[in-house]
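Read off the chains here:
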Amino acid sequence: MEHRQLKEIDFEPLHLKQSEAEKIVGESTSYWKDAWRRFRKNKLALFGIIIILLLAVLAIMGGPISGHNYYENQLLEANQPPSGTHWFGTDNLGRDVFARTWYGAQISLFIGLMAALIDLIIGVIWGAVAGFFGGKVDEILMRIADVLYGVPYLLVVILLLVVLPQNLWTLIIAMTITGWINMARIVRGQVMQLRSEEFIMASRSLGASNTRILRKHLIPNSLGPILVTLTLTIPSAIFTESFLSFLGIGVQAPLASWGTMSSDALPALQYYPNQLFFPAVFICLTMLAFNVIGDGMRDALDPNER
Amino acid sequence: MIKYLLKRIGYIILSLFLIITVTFILMKAAPGGPFASERASTPAIEAQMNEAYGFNDPIHEQYFSYLINAFTFDFGPSFKYVGQEVTEIIGRSFPYSLILGLEAIFIAISIGVLLGVIAAVKHNKFGDYLAMVIAVLGISVPSFIMAAILQYIFAIYLQVLPIARFESFAHTILPAAALATTPLAFIARLMRSSMLDVLNRDYIKTAKSKGLSERVVTYKHALRNAILPVVSYLGPLVVSILTGSFIIEKIFGIPGLGSEFVVSVTNRDYTVIMGTTVFFSVLLLVSILIVDLIYGLIDPRINVTSKEGNK
Amino acid sequence: MSEILEVKDLSVSFDTYGSEVKAVRNVSFQLMKGETLAIVGESGSGKSVTAQSIIRLVPTPPGKFIGGEIRFNGEDLLQKSEKQMESIRGKEISMIFQDPMTSLNPTMTIGKQIAEGLMKHQNMSKKEAHLRGIQLLKLVGIPTPEVRIKQYPHQYSGGMRQRAMIAIALSCNPKILIADEPTTALDVTIQAQILELMRQIQEEMGTAIILITHDLGVVANTATRVAVMYGGKIVETGMVDEIFFEPKHPYTWGLLGSMPKLDKEQEELQVIPGSPPDLADPPTGCPFVTRCPYAMNVCGEHMPSDTSVSSTHEAACWLLDERAPKVDIPESAIVGGNDIYV
Ligand SMILES: Nc1ncnc2c1ncn2[C@@H]1O[C@H](COP(=O)(O)OP(=O)(O)OP(=O)(O)O)[C@@H](O)[C@H]1O
Ligand code: SF4
Ligand SMILES: [Mg+2]
C-alpha cells in the first residue's frame, strides 16, 4: 500500500476553521469586473471602439485639416477623382468630398446620438415607472407602448415628416416618436425582476422612498441591458437618418449628411463611384462598429449567452 | 376557427379605423394645403380647387365622408396626376412590389435560416464565425448601399444583370437581393441563437438517447422547434420589406407602390399618401393574421380555435 | 448473476471559462444483469454526468473524457465511433430524464416519438411501429392508447409524460435502462406509481436499471445496490441493507441523517453543513474533508483508498484504516427497518 509511511499524527483530528472551509469554494469577482474582463477579450468589440473614436476625431478635425469647406461650389473642379488637393475627390458641384464627408459625419453622428439619447430618456422613465409601480399604471403605459409598437416605424416617421416643418430637430423628434419603446420594454422587464429581489424588499422595509429605490437600486442594476440597448439603438438611428435623407425627406440642403451624399452620388455611380464610396463606407463602418460593440457588451454582461 | 377568424377580423377593422382617423388628423394638420402657393396657381384657383375637393365643408363632415370612402377603398383622385384615381395608382403599382417583396422574403428566409443553422451546428467553429461575420455585415450595410454595391458589381462591372427597371425576372434579382439583406442577416442571427437554445434542450437529449443520428436530431427534432421565433419574425419581416421597398424601388427605377408612396410624400399628394398608408396597413394586418395562422400550424401548443391554447 | 456493465476509472471534465471542472473523477462500478443500482448524492456530485457518459451523451465540447473505460458486453463504449454508438443508444441502453415536461419534443406526436426508435432499431414499418406504440402505451398504463398516441406532449399530464418516456425508453427491449431522477419532478402519488411501473417492467423484461436519485426513500424501495457519490467520486457502495444499516462513510451518515424517520422523535432534520467542493480545484485528498466532522490530518492531503467492508461493500474513508480512531455511527444516521420499507 502506498500510504504505509503515514504516521500516527496523521490520524489526529483536523480542526478546520469555518472561514477556511468557505474559502475553498472560491471567491467570486464582481459582476462589472468580470464583464469588463470578458469584454476586453473580445477583439472585435475593441476594434469597434477604436473605429468610433477615430471617426469622432475625424468628424471634428476632418473639415479644418482638409483646407476646404463643405459648401463651396467650384464648378470648374467638378467630379474630380481623389488627388493631393481633394483627398476624396470632388462632387458634381465641385465640392470637396473629404470636407463634406466629415461634415456629414458630424450631422449623422449627432442625429444618431441625439435620437438614441432621447429614446433612452423616454424609454428608461417609461419602463421604470411601469415596472416599478406595476398594476394599473403598468397596464396603461404598456398598452400604449404596444399599440405604438404595432405601427411600422419608418412609415410613421415619414408621415410625421410630411406634417412637421422640415429641420434637424423635427427630424430627430420624428425619429424618436416610437423608437423608445424597445428601451421601455427592456427596462420594465429588468425592473420587474429586480423589484421582487431581496435587497429591494429590505430597503423598502427600512422605509426608503420610492424615488430613492429607483435611483439607488433599480437603475444602477439594470444598467447593463440599458447600455447594450443604447449601443444598438445608435446604429439603427444612424440608419434611419441616412434612409430618410437618401429619400430626400431627412436632412435638407444646405446641411449634408452621409445619407444625402449617397443620394447625390448614386445617379453618377457608373462614372464616379468614388463619390458614393466614401459616405457609404463610413455609414457601414459606423454601423458595424456600434453593432460589434453592442454584441460584445451583451456577451460580456450575460455570461450564459455564448 | 370561424369564431377566431371573425374576432381577428374585428380587431383588424378596429385598428384600421384608428389608423384612418390618425392619418386624417395628420393630413389636416399638415402645413400648407395641397394647393398651397408653391404651385403657380392664383388664390382664386386654389379656393376653387379646395371647394371642389370638399375642403371647405365642416371638419366632421369631411371626416365622415372620408371614413366611408376609406372603407369602400375610394380615396378619390390624385392631387398631382390629373385624372388618376388613387385606387388606380395602387392597383397599377402594387403587383411590382408584391413580386419583389415575395422574392425578397423567400431569399431572406431560405438563406437566413440556412446560415443560422450552419452557425449553430458548427458552434464556435469556422462555419459559425463565417456565418456570423456575414450576418453582422448584413446588419451593418444599409439596403440602399447594398443596392449600389450590387448594381456596381453585377450591372456595371460584370454586366451580367440589368441595372434597373422591371421587365423580366433577371431585373428583379438585384433589387430583391438588396431588399433581403438586412432581414436575412437578422434571421440568421435569430435562427442561430434559437437553434443553439433548442440543441441544449432535454428533448434533444431524448432524441439522441433513442439512437437517432445527428442529422435526424438536427433536422427533424431541432429545426422545427428552432424555427418558431423566425415565424414570429415574419410580421416584422413584412414591415421591413415594405419600408425597404420605398428606397429600393426608387434606386432601381421600379414603378412599384413604394416609389409611388415616396413620390406622393415629396409631392404632398395627400390623397395618395392616405390611400397608400391605409393600403399598407391592411397589408400588414392581414400578413400578421396569416403569420399567426402559420404559427398555429407549426406549434401544436398554440391552438387558434380555442381560447385556452396554452403558450 | 453476471455483470453487464463495468465502469472503470472514469474521469470526465468540462472546459469552462478559464477553468476545468472535474465533474467525475476515477469512478468505478459494475452493474449486474437484472438488478437496480441506485446512485445517490447531492446536487452537483456528478451523477448525471456519470450516467450520460455511459451512452456518451455528455456534450463534447465543453465536456471531455479524461480517462477510464466503460465496458458493455466486453467492449469499451468510450472507444466506439459515434455511428456505432447510435446502434447502442435506445437499443441496448436507454435513458429517462428528470423532467418529463421538457424531455419530450413539443412539436411531435407521442406516437411518432415512440415510433422513431422502433423504425430505426427494429426495422419496423410506420404502421407496425404505430401498432407497437399503442401496445407500449398500454403497457405503461396509459388509458385509451389509440387516442393518446396521436396527441402531443402538452396534452399529457406530467405523470403520463413520464410514462410515455418510459414507453419510448423500453420500446426496443434494452438491456440497461438509465433513469436520471425519473420522479423528482412529479408529485408523491405519481412518484410511487412510476416507480412501481419501473419495477414491474424490470420483472417482466429483466432490464438492469441505473436509478439516479436524491431520495433515499426511493432507493430503499427499488434498489438492489447503492453507490453514494460525492464531489465527483463514489465514496461508498454496497447492497441496500449494507448502506442503510451499516454505513461506513461519514457522508453516507450525513445523507441518512437528513432522511426523515418514522419511529424517532423528529427534533430536526440534520442537514450537512457547508457547501460541496469546487470541482475546478478539488481537494487533493478526500473530497468531503471540508465538511467532515471526523476529518483527520491525513484526509486533506491523501486520497483514502476503497476499503472492503464485505464482499459487496466498499467505502473510501480514512476512518476504515486500522490506525484511525474508532468512530461510531451517529445517532441521527441510525435507520430503523420501518423507515425505509414502506
Ligand atoms: N455542460 C456542462 N458544462 C459545464 N459544466 C457542467 C456541464 N454539465 C455538468 N457540469 C458540471 O458537472 C458537475 C456535475 O454535474 P451533474 O449534472 O452530474 O450533477 P448531478 O449530481 O446530476 O446533480 P443534480 O442532482 O443537480 O442533477 C457540476 O458541477 C456541473 O457544474
Ligand atoms: S476520509 Fe477523512 S474527511 Fe473523508 S470522510 Fe473519511 S474521515 Fe471524513
Ligand atoms: Mg443530475
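Residues numbered from 1 in each chain as written. Chains lettered and ligands numbered in written order. Predicted model: local features only at pLDDT ≥ 70, side-chain atom pairs only at ≥ 80, totals over all residues. Heavy atoms only, no water.

- In the annotation of an unreviewed UniProt entry, the entry for chain C reads Peptide ABC transporter ATP-binding protein, and the organism field reads Oceanobacillus arenosus.
- Per UniProt, the comment on chain C under Sequence similarities (unreviewed entry) is "Belongs to the ABC transporter superfamily."
- Its UniProt record, at the heading Subcellular location (unreviewed entry), says of chain C: "Cell membrane". (UniProt positions renumbered as here; feature names shortened; annotations may be inferred.)

- By the naming in an unreviewed UniProt entry, chain A is Diguanylate cyclase, taken from Oceanobacillus arenosus.
- Checking UniProt for chain A, the heading Subcellular location (unreviewed entry) contains the comment "Cell membrane".

**Re the overall build of chain A**
Turning to step 1, where the next piece is worked out: Within chain A one finds 13 helices and 0 strands.
Turning to step 2, where the next piece is worked out: For chain A, with 306 residues in total, the buried portion stands at 48%.
Turning to step 3, where the next piece is worked out: For chain A, contacts bridging at least 24 residues in sequence account for 68% of all contacts bridging at least 6. (Helix = DSSP H or I, 4+ residues; strand = E, 2+ residues; numbered from the N terminus. Buried < 20%, exposed > 50% of the residue type's maximum accessible area, 1.4 Å probe, protein only. Contact = heavy atoms within 4.5 Å.)

**A word on the interface of chain B and chain C**
Turning to step 1, where the next piece is worked out: Chain B puts 20 residues into the contact, and the matching count from chain C is 27 residues.
Turning to step 2, where the next piece is worked out: Roughly 2,100 Å² of surface becomes buried between chain B and chain C when both sides are summed, with 57% attributable to carbon and sulfur atoms.
Turning to step 3, where the next piece is worked out: Here chain B is connected to chain C by 2 salt bridges.
Turning to step 4, where the next piece is worked out: Ionic pairing is found between B:K220 and C:E116, a salt bridge with its closest N-O pair at 3.7 Å.
Turning to step 5, where the next piece is worked out: At the boundary of chain B and chain C, one finds 14 residue pairs in polar contact (both at pLDDT 80 or more).
Turning to step 6, where the next piece is worked out: Sorting the residues of the side of chain B that touches chain C by element identifies helix 8 (202-209) and helix 9 (214-226) of chain B as the ones contributing at least two each.
Turning to step 7, where the next piece is worked out: Considering every element that reaches the side of chain B that touches chain C, the biggest residue donor is helix 8 of chain B, with 6 residues.
Turning to step 8, where the next piece is worked out: Taken together, the residues of the side of chain B that touches chain C sort by class into 4 nonpolar, 7 polar and 9 charged. (Buried area = accessible area lost by both parts, 1.4 Å probe. Salt bridge = Lys/Arg side-chain N within 4 Å of Asp/Glu carboxyl O. Polar contact = N/O pair within 3.5 Å; in protein donor to acceptor, adjacent residues only side chain to side chain. Nonpolar A, V, L, I, M, F, W, Y, C, P; charged D, E, K, R; others polar.)

**A look at empty space enclosed by the protein**
A water-sized probe, rolled over the atoms, reveals where empty space remains.
All names here are of chain A.
Turning to step 1, where the next piece is worked out: All told, the structure shown has 9 cavities of 30 Å³ or more when counted by the stated rule.
Turning to step 2, where the next piece is worked out: Approximately 90 Å³ is the volume attributed to the largest cavity.
Turning to step 3, where the next piece is worked out: Elements with a contribution of two residues or more to the lining of the largest cavity: helix 4 (97-133) and helix 12 (258-265).
Turning to step 4, where the next piece is worked out: Considering every element that reaches the lining of the largest cavity, the biggest residue donor is helix 12, with 3 residues. (1 Å grid on protein atoms, 1.4 Å probe; cavity = no way out; pocket = protein on both sides within 12 Å on 5 of 7 lines; lining within 4 Å. Points joined across faces, edges and corners; volume = space filled by probe spheres on them.)

**Side note on the domain arrangement of chain C**
Turning to step 1, where the next piece is worked out: Segmentation of chain C into domains returns domain 1 (102-173) and domain 2 (241-333).
Turning to step 2, where the next piece is worked out: Taken over C-alpha atoms, the centre of domain 1 of chain C sits 42 Å from the centre of domain 2 of chain C. (Domains from an automatic or database assignment.)

**What about the pattern of salt bridges?**
Think of it this way: side chains of opposite charge can pair up when their charged atoms draw near.
Turning to step 1, where the next piece is worked out: The final tally for this structure, using the stated rule, is 23 salt bridges over all chains.
Turning to step 2, where the next piece is worked out: One salt bridge in this structure joins A:D138 and A:R188, with 2.5 Å as the shortest N-O distance. You can see A:D138 sitting in helix 5 (residues 135-149) and its partner A:R188 sitting in helix 8 (residues 181-195), a full 50 residues away along the chain.
Turning to step 3, where the next piece is worked out: Overall, A:D138 belongs to the buried group, its relative accessible area being 8%.
Turning to step 4, where the next piece is worked out: Judged by its relative accessible area of 24%, A:R188 falls in the partly exposed class.
Turning to step 5, where the next piece is worked out: The partner of C:E82 in a salt bridge is C:R56, with the nearest N and O atoms 3.9 Å apart.

**Focus: the UniProt feature "domain: ABC transporter" (unreviewed entry) in chain C**
Turning to step 1, where the next piece is worked out: The residues that UniProt annotates with the feature "domain: ABC transporter" (unreviewed entry) are residues 5-256 of chain C.
Turning to step 2, where the next piece is worked out: As annotated, residues 5-256 of chain C has a helix share of 37% and a strand share of 28%, and its two end C-alpha atoms lie 28 Å apart.

**Looking at the site of ligand 2**
Turning to step 1, where the next piece is worked out: Neighbouring ligand 2 are 13 residues, the closest being C:C286, C:C292, C:C299, C:C317 and C:W318.
Turning to step 2, where the next piece is worked out: The residue makeup of the shell around ligand 2, split by class, is 12 nonpolar, 1 polar and no charged. (Near = heavy atom within 4 Å.)

**Section: the packing of helix 6 (residues 153-163) of chain A against helix 12 (residues 270-298) of chain B**
How two helices pack is summed up by the angle between their axes together with the distance between the axes.
Turning to step 1, where the next piece is worked out: Direction vectors running N to C along helix 6 of chain A and helix 12 of chain B enclose 165 degrees, while the axes themselves pass 12 Å from each other. With respect to helix 12 of chain B, the element helix 6 of chain A is oriented roughly antiparallel. Helix 6 of chain A and helix 12 of chain B meet at a crossing whose hand is left-handed. Touching A:L155, A:L159 and A:V162 of helix 6 of chain A are B:Y270, B:I273, B:T277 and B:F280, all from helix 12 of chain B.
Turning to step 2, where the next piece is worked out: Its residues assigned to classes, the contact of helix 6 of chain A with helix 12 of chain B shows 6 nonpolar, 1 polar and no charged. (Axes fitted to C-alpha atoms, helices over the stretch in contact; angles between N-to-C directions. Parallel < 35°, antiparallel > 145°, perpendicular 65-115°, else oblique. Left-handed = near helix turned anticlockwise from the far one by under 90°.)

**Examining the environment of A:R188**
Turning to step 1, where the next piece is worked out: Between the C-alpha atoms of A:R188 and A:V129, which are 59 residues apart in sequence, the distance is 7.8 Å.
Turning to step 2, where the next piece is worked out: Once you skip the residues sitting within four places of it in the chain, A:R188 turns out to touch A:G127, A:A130, A:G131, A:D138 and A:M142.

**Looking at the nonpolar core**
Turning to step 1, where the next piece is worked out: Formed by 162 residues in total, the largest nonpolar core has its most connected members in A:L244, B:F246 and B:F261.
Turning to step 2, where the next piece is worked out: Here this core takes 14 residues from helix 4 of chain A, the largest share from any one element.
Turning to step 3, where the next piece is worked out: Not counting chain neighbours up to four residues away, the residues in contact with B:F246 comprise A:L155, A:I158, A:F243, A:L247, B:G258, B:F261, B:V262 and B:F280.
Turning to step 4, where the next piece is worked out: Judged by nonpolar contacts, the second largest core, of 71 residues, contains C:L118, C:I134, C:I166 and C:I168. (Core = buried A, V, L, I, M, F, W, Y, C linked by side-chain atoms within 4.5 Å.)

**What about the sheet that holds strand 5 (residues 75-76) of chain C?**
All names here are of chain C.
Turning to step 1, where the next piece is worked out: Taken in spatial order, the 4 strands line up as 2-1-4-5 in an open sheet, and their pairing is antiparallel. The open sheet is flanked by strand 2 (19-32) and strand 5, the only strands paired with a single partner.
Turning to step 2, where the next piece is worked out: Pairing analysis gives 8 bridges linking strand 1 (residues 3-16) to strand 4 (residues 63-72), with the strands arranged antiparallel. Looking at the pairing, S13 lines up with K64 of strand 4. (Pairing = 2+ DSSP bridges.)

**Some remarks on the UniProt feature "transmembrane region" (unreviewed entry) in chain A**
Residues and elements named next belong to chain A.
Turning to step 1, where the next piece is worked out: Within this structure's numbering, the places UniProt gives as "transmembrane region" (unreviewed entry) are residues 44-65, 107-133, 140-162, 168-187, 223-256 and 276-294.
Turning to step 2, where the next piece is worked out: Counted over residues 168-187, helix gives 80% and strand 0%. Its end C-alpha atoms are 28 Å apart.
Turning to step 3, where the next piece is worked out: As annotated, residues 223-256 has a helix share of 74% and a strand share of 0%, and its two end C-alpha atoms lie 34 Å apart.

**Quick word on the packing of helix 3 (residues 43-66) of chain A against helix 4 of chain A**
Residue and element names in this part refer to chain A.
Turning to step 1, where the next piece is worked out: Between helix 3 and helix 4, the shortest axis-to-axis distance is 8 Å and the interhelical angle comes to 140 degrees. For the crossing formed where helix 3 meets helix 4, the hand is left-handed. When helix 3 is examined against helix 4, the residues L55, L58, A59, I60, G62, G63, I65 and S66 are found in contact with a partner set consisting of F98, A99, W102, A105, Q106 and L109.
Turning to step 2, where the next piece is worked out: Here the contact of helix 3 with helix 4 is built from residues that sort into 10 nonpolar, 4 polar and no charged.

**Re the confidence of the model for chain C**
Turning to step 1, where the next piece is worked out: A residue-level look at chain C finds 95% of positions with pLDDT of 70 or above and a mean pLDDT of 85.
Turning to step 2, where the next piece is worked out: The complex model carries a pTM of 0.83, and its ipTM stands at 0.84. (pLDDT = per-residue confidence, 0-100.)

**Thoughts on a nonpolar patch on the surface**
Residue and element names in this part refer to chain A.
Turning to step 1, where the next piece is worked out: Together, V57, I60, M61, I65 and W87 make up an exposed nonpolar region whose accessible area comes to about 500 Å².
Turning to step 2, where the next piece is worked out: Inspection of the secondary structure assignment puts M61 in helix 3.
Turning to step 3, where the next piece is worked out: With relative accessibility at 43%, the residue M61 sits in the partly exposed group. (Patch = residues over 30% accessible without salt bridge, like charges linked within 9 Å, V, L, I, M, F, W, Y side chains within 5 Å. Areas by Shrake-Rupley, 256 points an atom, 1.4 Å probe, with all protein chains shown as cover.)

**A look at the packing of aromatic side chains**
Turning to step 1, where the next piece is worked out: Under the definition given, this model contains 22 aromatic pairs over all chains.
Turning to step 2, where the next piece is worked out: Grouped by ring-pair contacts, the aromatic residues A:F98, A:W102, A:W258 and A:F282 constitute a single cluster.
Turning to step 3, where the next piece is worked out: A cation over an aromatic ring shows up here: C:R148 above the ring of C:Y156, its NZ or CZ 5.5 Å from the ring centre. (Phe/Tyr/Trp six-rings, centres within 6.5 Å; stacked < 30°, edge-to-face > 60°. Lys NZ or Arg CZ within 6 Å of the ring centre and 35° of its normal.)

**Some remarks on the site of ligand 1**
Residues and elements named next belong to chain C.
Turning to step 1, where the next piece is worked out: Of all residues adjacent to ligand 1, which total 15 residues, the nearest are S43, G44, K47, S48 and V49.
Turning to step 2, where the next piece is worked out: Between an oxygen atom of ligand 1 and a side-chain N or O atom of H214, the distance comes to 3.2 Å.
Turning to step 3, where the next piece is worked out: Isolated, ligand 1 exposes 640 Å² of accessible area, and the fraction of that covered by the protein chains is 68%.
Turning to step 4, where the next piece is worked out: Breaking the shell around ligand 1 down by element, the ones donating at least two residues are strand 1 and helix 1 (47-54).
Turning to step 5, where the next piece is worked out: Sorting elements by how many residues they give to the shell around ligand 1 places helix 1 first, with 3 residues.

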